[in-house]
Amino acid sequence: MGAPGAGKGTQATALAGRYGIPAISTGDIFRSNIKRGTELGKQVQAIIEAGEYVSDEVTEAIVANRLEEDDCAGGFLLDGFPRTMNQAHFLDEHLEVAGTGLDAVVSLQVNPDALVDRLLERAQVEGRGDDTEDTIRRRMEVYAGQTAPLLFYYESQGILLDVDGTGSVEEVRERMFAAVDHQVGN
């Protein structure tokens, strides 16, 4: 977890590799559909361009479908999900039916002004039209209102791991590995 630009995607790939599990990014799934011009992609593109999040129902269905794939049998890492309390409750119920649960929730903590700078730079490098300053700030507002309460939810379950997301990719990665290894007993 973390605000837009906190480094979730970068660090998710590394963490999934460390544990030999798939990294499941709802953002990647959405962008793939946008690129292919699917009906879902068209819906998602309009929502993202407005700086909003895709509805819980659409996102939940995509995640549930993905978690049923064979490569998730030994575990998985979710990047960009859950983002709302409804999604968190959906995930809990889905995992309970499957006889499993979450081991850890990593929250990357980064100063909001640094995040804006990161995302504006990323927009230039990657040509991401959804990363204008106004849209970035709107996504941060949405994050604070909808997603930040999840931090308290997972903290109350004893599985929230706050990780300082500032510094080099390698520095953040090492802090994250240490926190997760300690939580899961490696």
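Provided above is the structure to which this section pertains.
Residues numbered from 1 in each chain as written. Predicted model: local features only at pLDDT ≥ 70, side-chain atom pairs only at ≥ 80, totals over all residues. Heavy atoms only, no water.

S.K.: It is not clear to me how the overall build of the protein chain should be interpreted in this structure. Could you clarify?
M.R.: A count of helical and extended segments in the protein chain gives eight helices and four strands. Start at the N end of the protein chain and walk to the C end: the helices and strands fall as α-β-α-α-α-β-α-β-α-α-β-α. Computed over C-alpha atoms, the radius of gyration of the protein chain comes to 16 Å, within 12% of the 16 Å expected from 2.2 N^0.38 for 186 residues, which places it in the range of a compact globule. C-alpha extents for the protein chain along the principal axes are approximately 40 × 35 × 30 Å. Classification of the 186 residues of the protein chain by burial places 44% in the buried group. Pairs at least 24 apart in sequence give 72% of the contacts found in the protein chain among residues at least 6 apart. As displayed, the protein chain offers around 9,900 Å² of accessible surface, 49% of which is attributable to carbon and sulfur atoms. (Helix = DSSP H or I, 4+ residues; strand = E, 2+ residues; numbered from the N terminus. Rg over C-alpha atoms; globule rule 2.2 N^0.38 Å. Buried < 20%, exposed > 50% of the residue type's maximum accessible area, 1.4 Å probe, protein only. Contact = heavy atoms within 4.5 Å. Areas by Shrake-Rupley, 256 points an atom, 1.4 Å probe, with all protein chains shown as cover.)

S.K.: Any chance you could explain the environment of Asn86 here in plain terms?
M.R.: Among the structural elements, Asn86 can be located in helix H5 (residues 85-97). Under the relative-accessibility criterion, Asn86 is labelled exposed at 53%. In sequence terms Asn86 and Glu60 are 26 residues apart; their C-alpha atoms lie 9.4 Å from each other. Every residue in contact with Asn86, bar those within four places of it in the chain, is listed here: Asp56 and Glu60.

S.K.: Honestly, the packing of helix H6 (residues 112-126) against helix H7 (residues 133-156) in this entry has me stumped. Any pointers?
M.R.: Two measures define how a pair of helices packs: the angle their axes make with one another and the distance between the axes. Interaxial distance between H6 and H7 falls to 10 Å at its minimum, and their mutual angle equals 135°. Judged by the inter-axis angle, H6 sits oblique to H7. Here the hand of the crossing between H6 and H7 comes out right-handed. For the pair formed by H6 and H7, the contact residues are Pro112, Asp113, Leu115, Val116, Leu119, Leu120 and Arg122 on the first element and Glu133, Ile136, Arg137, Arg139 and Met140 on the second. Residues of the contact of H6 with H7, tallied by class, amount to seven nonpolar, no polar and five charged. (Axes fitted to C-alpha atoms, helices over the stretch in contact; angles between N-to-C directions. Parallel < 35°, antiparallel > 145°, perpendicular 65-115°, else oblique. Left-handed = near helix turned anticlockwise from the far one by under 90°. Nonpolar A, V, L, I, M, F, W, Y, C, P; charged D, E, K, R; others polar.)

S.K.: Got a minute to help me understand the nonpolar core in this structure?
M.R.: The nonpolar side chains of a soluble globular protein tend to be buried with one another. Among the nonpolar cores identified, the biggest contains 41 residues, and Leu15, Leu67, Leu78, Leu91, Val106, Tyr154 and Met176 are the most heavily contacted of them. Element by element, the count of residues in this core is highest for H7, at eight residues. (Core = buried A, V, L, I, M, F, W, Y, C linked by side-chain atoms within 4.5 Å.)

S.K.: Is there a simple way to explain the side chain of Asp56 in this structure?
M.R.: Along the chain, the position of Asp56 falls in helix H4 (residues 56-67). Among the polar contacts made by the side chain of Asp56, one reaches the side chain of Thr84 at a distance of 3.0 Å. Within polar-contact distance, the side chain of Asp56 engages the side chain of Gln87 at 2.9 Å. Dropping the residues within four chain positions of it, Asp56 is found in contact with Thr84, Asn86 and Gln87. (Polar contact = N/O pair within 3.5 Å; in protein donor to acceptor, adjacent residues only side chain to side chain.)

S.K.: Looking at this structure, I do not really get helix H8 (residues 169-184). What am I missing?
M.R.: Because the α-helix completes a turn every 3.6 residues, residues three or four places apart line up on one side. If you check H8, its first and last C-alpha atoms are 22 Å apart, about what 16 residues at 1.5 Å a residue would give, namely 22 Å. Val172, Met176, Phe177, Val180 and Asp181 are the residues of H8 that are buried. The buried side chains of H8 occupy one side of the element, clustering within an arc of 155° when seen end-on. Turned more than 90 degrees off the buried face of H8, the exposed positions are Glu174 and His182. Residues of H8 that are buried sit in contact with helix H1 (8-19), strand S3 (105-109) and strand S4 (160-164). (Expected span 1.5 Å × (residues − 1). Arc of directions from axis to C-beta.)

S.K.: Just checking my understanding: could you explain the pattern of salt bridges for this structure?
M.R.: One side chain can pair with another of opposite charge once the charged atoms of both are near each other. As enumerated under the stated definition, the model contains seven salt bridges in all. Taking the shortest distance from any N to any O, the salt bridge between Asp181 and Arg18 comes out at 2.5 Å. A residue pair is termed long-range when its members are at least 10 positions apart, and Asp181 in helix H8 and Arg18 in helix H1 qualify at 163 residues. According to the relative accessible area criterion, Asp181 is buried, its value standing at 13%. On the basis of relative accessibility, which here comes to 43%, the residue Arg18 falls in the partly exposed class. Where Asp71 meets Arg66, a salt bridge forms, and the shortest distance between an N and an O atom there is 2.7 Å. We classify Asp71 as partly exposed; its relative accessible area is 40%. Here Arg66 falls in the buried class, since its relative accessible area comes to 17%. Residues participating in the shared-partner salt-bridge network are Glu52, Arg138 and Glu141. (Salt bridge = Lys/Arg side-chain N within 4 Å of Asp/Glu carboxyl O.)

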